[in-house]
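Results of the structural survey
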Amino acid sequence: MDSLLRHMVDMTGHRDHTMLDISVISAVQELAGALQTRVLTITAVRGQEFVRPRALIGRGSPACMVEPVDGSSPGEPLAQFPELAACLAGHEASREVISADGMRTLWLPIWMGDQADTCLEIVHPEPYSTDTIHVISGIVSVYRNFQNLLDYSERDSLTGLLNRKTFDDQLAKMLLTSNELETLPPLPGQPERRHHSDAEKQWLAVVDVDHFKLVNDKFGHLYGDEVLILIANLLQSSFRAQDRVFRFGGEEFVVLLRSTSLENARKIIDRFRTNVESHEFPQVGRVTVSVGFVSISAYESPVIILGRADQALYYAKSHGRNQACHYDQLVSGGQLHAVPTNDTAEFF
């Protein structure tokens, strides 16, 4: 009982999805004596559903978050897990399957209404007693309730995307992670060294709906809101499962792209832009977006990073709109001229 109460206190003390995931698998692993426990993300990409692990704990190993091996892949197709697919299709609370070697896998979808984009997977060699299942179900209920509370505080009420406050937290974490992966700044006269190739970086993109004021003036705010909701849907379907999409305010959105090359970042961003361009918006018709994006460096402040993406966005909007512009490319090509920066601002 003491162990259960300790885990409940730990879970309910977090205000962060990552730590909540770590807490729930740690609780299940200890209280159920599982061989392995994972948190799975279930996502739909262009009409097909995928499964991707996001947190893992094994017997004798600490809990950890799982980074995708292939940054461009949304995960494994749900069709490869027919029992889990059937569980989700039937809106079941749980389903257990026994493999050929006698290992048991228990799936527990986290239902939010009629949707489940998260699932707990518990692997164990022996059947669980009714009491143990009851304890696991209680943990899942607490986890679901706190996920719901976090979602409510982190999301924009109109579009359902992550909000500005959450963006600030996520960018700070991304900068911290990048800083941990990089070496200390080089000594004067020495080349910079990094633990991993510069080919893959983190990216920040700022998206703005072109001529949005005209949409509101001509069709009214109700249709303007519908355009924003549809843009949000296109953002979620166009970007990868590991990327993060935020509504920054008004008709402006921000995307954090994780671990990808410039070529792939440009391809992903342009895929979204063309998806918007080809979409038929009810009553309004054709809508386009402009995008400015920049690589994220651990040695620079969030204000500077965001300011550079904004400058690239401004260039895109003032040079024809409906295009994506890369800050560094604009600077190297002479279209933008940066001057020395301080810690809080950058001037052009």
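For clarity, every value in this text was computed on a predicted model and none was experimentally measured.

**Observations concerning the packing of aromatic side chains**
Evaluation of the coordinates by the stated rule reveals four aromatic pairs. With a centroid separation of 5.7 Å and 40° between ring planes, the pair formed by phenylalanine 239 and phenylalanine 272 is classed as tilted. With phenylalanine 239 in the loop between helix H7 (221–238) and strand S9 (244–249) and phenylalanine 272 in helix H8 (residues 262–278), this residue pair connects regions lying 33 residues apart in the sequence. Through a chain of ring-to-ring contacts, three or more aromatic side chains come together here, namely Phe167, Phe246 and Phe248.

**Quick notes on the environment of phenylalanine 281**
Structurally, phenylalanine 281 can be placed in the loop between H8 and strand S11 (289–295). Residue class for phenylalanine 281 comes out buried when judged on its relative accessible area of 1%. Placed 51 residues apart in sequence, phenylalanine 281 and leucine 230 show a C-alpha to C-alpha distance of 7.9 Å. In contact with phenylalanine 281, other than residues within four places in its own chain, are Val227, Leu230, Ile231, Leu234, Val276 and Val287.

**Topic: the environment of valine 255**
Along the polypeptide, valine 255 turns up in strand S10 (residues 252–260). Sequence spacing of valine 255 and phenylalanine 167 is 88 residues, and the spatial spacing of their C-alpha atoms is 9.0 Å. Beyond its immediate sequence surroundings of up to four residues, valine 255 is in contact with Trp203, Leu204, Ala205, Leu235, Phe239, Arg244 and Val245.

**Focus: the sheet that holds strand S8 (residues 201–209)**
The strand order across the open sheet built from five strands is S9-S10-S8-S11-S12, with neighbouring strands paired in mixed fashion. Looking at strand neighbours, the two that pair on one side only are S9 and strand S12 (324–326), the edges of this open sheet. On average, adjacent strands in this sheet sit at an angle of 20° to one another, irrespective of strand direction. Examined bridge by bridge, S8 and S11 share seven bridges and lie antiparallel to one another. Directly across from valine 206, in S11, lies its bridge partner glycine 292. Packing against the sheet, H7 makes contact with S8, S9, S10 and S11, and its axis sits at approximately 0° to S10.

Reading guide: rules and limits
- Residues numbered from 1 in each chain as written.
- Predicted model: local features only at pLDDT ≥ 70, side-chain atom pairs only at ≥ 80, totals over all residues.
- Heavy atoms only, no water.
- Phe/Tyr/Trp six-rings, centres within 6.5 Å; stacked < 30°, edge-to-face > 60°.
- Helix = DSSP H or I, 4+ residues; strand = E, 2+ residues; numbered from the N terminus.
- Buried < 20%, exposed > 50% of the residue type's maximum accessible area, 1.4 Å probe, protein only.
- Contact = heavy atoms within 4.5 Å.
- Pairing = 2+ DSSP bridges.
- Axes fitted to C-alpha atoms, helices over the stretch in contact; angles between N-to-C directions.

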